[in-house]
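Report on the structure
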Amino acid sequence: MRRMAFVVLAIGVGCLAGFLLASNPRTVFGQGGAVSVAAIPSQVGGQDTFGPYDIDKNWPANISTLPGNDAWTWGAGQGIYAENPNRIFLLFRGELPNIKRPAAKLIPDFGPSLIFPIGRLPWRDATISSLPGAGGTGQDPDDGPKLWMEGKGVVGVDAKWEHCLTIVDAKGNITETFPQYDHLFKRPHFVTINPYDAEKHIWIVDDHMHAIYVFTHDMKELVQTIGTPTVHGADGTHFNRPTFLSWLPDSTLYVADGYNGTRVAKFDKTGKFLMDWGMKGTPPNDKRPSYFNNVHGIAVDPVTKHLFVNDRGNHRVQVFDDMGKYLYEWSMGTEPSDIHLLYIGADRMLWAYDRGTSRMLKYDLQGHFLYSWGTWGDFPGGFWGVHGFSVDQDGNFYTAEVDNGRAQKFIPRPGANPAYLISPPIYSAWK
């Protein structure tokens, strides 16, 4: 009897060990005790350039394919949101001239032995070239266009403010455009849908307008504006360059505010202001709890109601409870670390994009580093300035890049380790 119990116990332990190994990124494979950390443990050769994904090189169609728009291409890619595999929102800062890569030549005005462009390196930074300019921390939004034009930019020649928001389908075809809303935007920053909203309103954050716009699902009507457009502040009706937002399951809203603001603002499901917290730190080393240097990203764990706030200038994530009580933090790495945004999917793992290293980073909710992938470049599948990303119900992964000025679609590779894939979001009120 004791022997039988031992056998049953051994089988149970073996099954548990097998399950843990199968679900762990460090999957054992091969002979001689070799440990594979590949996205597909059985693969021979390769180097996981795009992690557990293949790239759809023909997605999406360029904005230049619209009738009469062949001379223009995408501007800086600010945000992207996949409502489903066949309806993806793209948020861009207008358009740039659709020109080919120039031939390399000497530029003696800058110094001897200097050549531009260099080899396979990217050659046009869309976030600087697009209206209203780069718009970094501390910049007055009204200075953006002025500084852009002082750099000898000419509207209609060097850039134009059209097609800030478009929708594409699974094949990348442009299915909807919204020229009637271009005038609402000065620097659109983030687009999303509340997963707990059965009516699926479309939310767009514009940091230079200091406002959040809420549209009907069909985008036919603007139904709410939170904040006071063009007027900055730090109270219940004003933001100072807000960046991202996230919700609790009861649709309580948290806003990261922002580039110039130094707080998290909390609203109820109707948009009524409830409270805020956060104080201005003194760069580069003021890292007291609840002090911020560029609040550029926020994600909510629906189970614990903990808020994960990207304190970008301090290279860290600060974690709070739903009432703003500081809990703990972790570092995202020192220079060149430059985290753009945070995301918590249905698997309750946290992903971040690091603009400084051009890598997607995976952490558990205690901050343990688990995995990363990505490489810098303007070729299909490379990253340069991912400023927004999203995942659809099929596990396809989408990115929008401010520097490259494009959107991309990544498709899960057959046989990829699920632990390496970025989880789809929570779908509570809709699918």
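Residues numbered from 1 in each chain as written. Predicted model: local features only at pLDDT ≥ 70, side-chain atom pairs only at ≥ 80, totals over all residues. Heavy atoms only, no water.

**A few points about the nonpolar core**
Membership of the largest hydrophobic core comes to 50 residues, with the highest contact counts inside it found for Leu245, Met360, Trp373, Phe389 and Phe397. Among the elements that make up this core, the one with the highest residue count is strand β15 (residues 253-257) (four residues). Dropping the residues within four chain positions of it, Trp373 is found in contact with Phe50, Gly51, Pro52, Tyr53, Trp351, Ser358, Arg359, Met360, Phe383, Phe397 and Phe410. In terms of nonpolar packing, the next biggest core, distinct from the first, is built from 21 residues, Leu91, Val191, Met209 and Tyr427 among them. (Core = buried A, V, L, I, M, F, W, Y, C linked by side-chain atoms within 4.5 Å. Buried < 20%, exposed > 50% of the residue type's maximum accessible area, 1.4 Å probe, protein only. Helix = DSSP H or I, 4+ residues; strand = E, 2+ residues; numbered from the N terminus. Contact = heavy atoms within 4.5 Å.)

**Considering the pattern of salt bridges**
Summed over the entire model, instances satisfying the criterion amount to 19 salt bridges. Among the ionic pairs, Lys186 bridges to Asp142, the shortest N-O distance being 3.2 Å. Here Lys186, found in the loop between β9 (174-177) and β10 (188-193), pairs with Asp142, found in the loop between α2 (126-129) and α3 (143-150); they are 44 residues apart in sequence, far enough to count as distant. We classify Asp142 as exposed; its relative accessible area is 53%. With a closest N to O distance of 2.8 Å, Asp257 and Arg263 form a salt bridge. A relative accessible area of 1% means that Asp257 is categorised as buried. Assessed through its relative accessible area of 4%, Arg263 is described here as buried. The network of salt bridges with shared partners includes Glu83, Arg87, Glu176 and Lys200. (Salt bridge = Lys/Arg side-chain N within 4 Å of Asp/Glu carboxyl O.)

**Some points on the sheet that holds strand β12 (residues 211-215)**
Read across the sheet, four strands follow the order β10-β11-β12-β13 without closing on themselves; strand pairing throughout is antiparallel. Two strands bound the open sheet, and with one partner strand each, they are β10 and β13 (222-226). Strand-to-strand twist in this sheet, taken as the mean axis angle between neighbours without regard to direction, amounts to 20°. Both β12 and β13 contribute to a ladder of four bridges, which runs antiparallel. Counted as the bridge partner of Phe215 is Leu222 from β13. (Pairing = 2+ DSSP bridges. Axes fitted to C-alpha atoms, helices over the stretch in contact; angles between N-to-C directions.)

**Concerning the side chain of Ser130**
With respect to the helices and strands, the residue Ser130 is situated in the loop between α2 and α3. Ser130 gets classed as buried once you look at its relative accessible area, which sits at 0%. Polar side-chain contacts of Ser130 include one of 2.7 Å to the backbone oxygen of Ala126. (Polar contact = N/O pair within 3.5 Å; in protein donor to acceptor, adjacent residues only side chain to side chain.)

**Looking at the pairing of strand β25 (residues 350-354)**
Counting buried positions over the five residues of β25 gives five, a clear majority of the element. Burial of β25 is two-sided: the residues Leu350, Ala352 and Asp354 facing one way and the residues Trp351 and Tyr353 facing the other way are all buried. In terms of strand pairing, strand β24 (residues 339-344) meets β25 through five bridges, oriented antiparallel. Bridge pairing in β25 links Leu341 to Tyr353. The loop that links β24 with its antiparallel partner β25 comprises five residues; one of these, Arg348, has a positive phi angle of about 60°. Across five bridges, the pairing between β25 and strand β26 (residues 359-363) is antiparallel. Following the sheet pairing, Leu350 is matched in β26 by Tyr363. Counting the residues that bridge the hairpin from β25 to β26 gives four residues, and of these Ser358 lies at a positive phi of roughly 60°.

**Overview of the packing of aromatic side chains**
For the coordinates displayed, the defined rule picks out 30 aromatic pairs. Between Trp373 and Phe397 the ring centres are 6.0 Å apart and the planes differ by 70°, which places this aromatic pair in the edge-to-face class. With a gap of 24 residues between them, Trp373 in strand β27 (residues 369-373) and Phe397 in strand β29 (residues 397-401) connect regions that are remote in the sequence. Given the relative accessible area of 1%, Trp373 is considered buried. Grouping aromatic residues by their ring pairs yields a cluster made of Tyr53, Tyr343, Tyr353, Trp373, Phe383, Phe389, Phe397 and Phe410. (Phe/Tyr/Trp six-rings, centres within 6.5 Å; stacked < 30°, edge-to-face > 60°.)

**What to know about the environment of Asp338**
By secondary structure assignment, the location of Asp338 is in the loop between β23 (326-331) and β24. Along the backbone, Asp338 and Phe273 are 65 residues apart, and their C-alpha atoms lie at a distance of 30 Å. For Asp338, the residues in contact, after removing those within four places along its chain, are Arg312, Tyr353, Asp354, Arg355 and Gly356. Engagement of the side chain of Asp338 in a polar contact is seen with the side chain of Arg312, the distance being 2.7 Å.

**Side note on the sheet that holds strand β8 (residues 165-168)**
The strands making up a sheet associate through hydrogen bonds between their backbones, and the pairing can be parallel or antiparallel. Strand order in the open sheet formed by four strands is β4-β5-β8-β9, and the pairing between neighbours is antiparallel. In this open sheet, the two edge strands, each paired with only one partner strand, are β4 (72-84) and β9. For this sheet, the mean angle separating the axes of adjacent strands, direction not counted, is 30°. The sheet contact formed by β8 and β9 spans three bridges and is antiparallel. The residue bridging Thr166 from the neighbouring strand is Thr177, located in β9.

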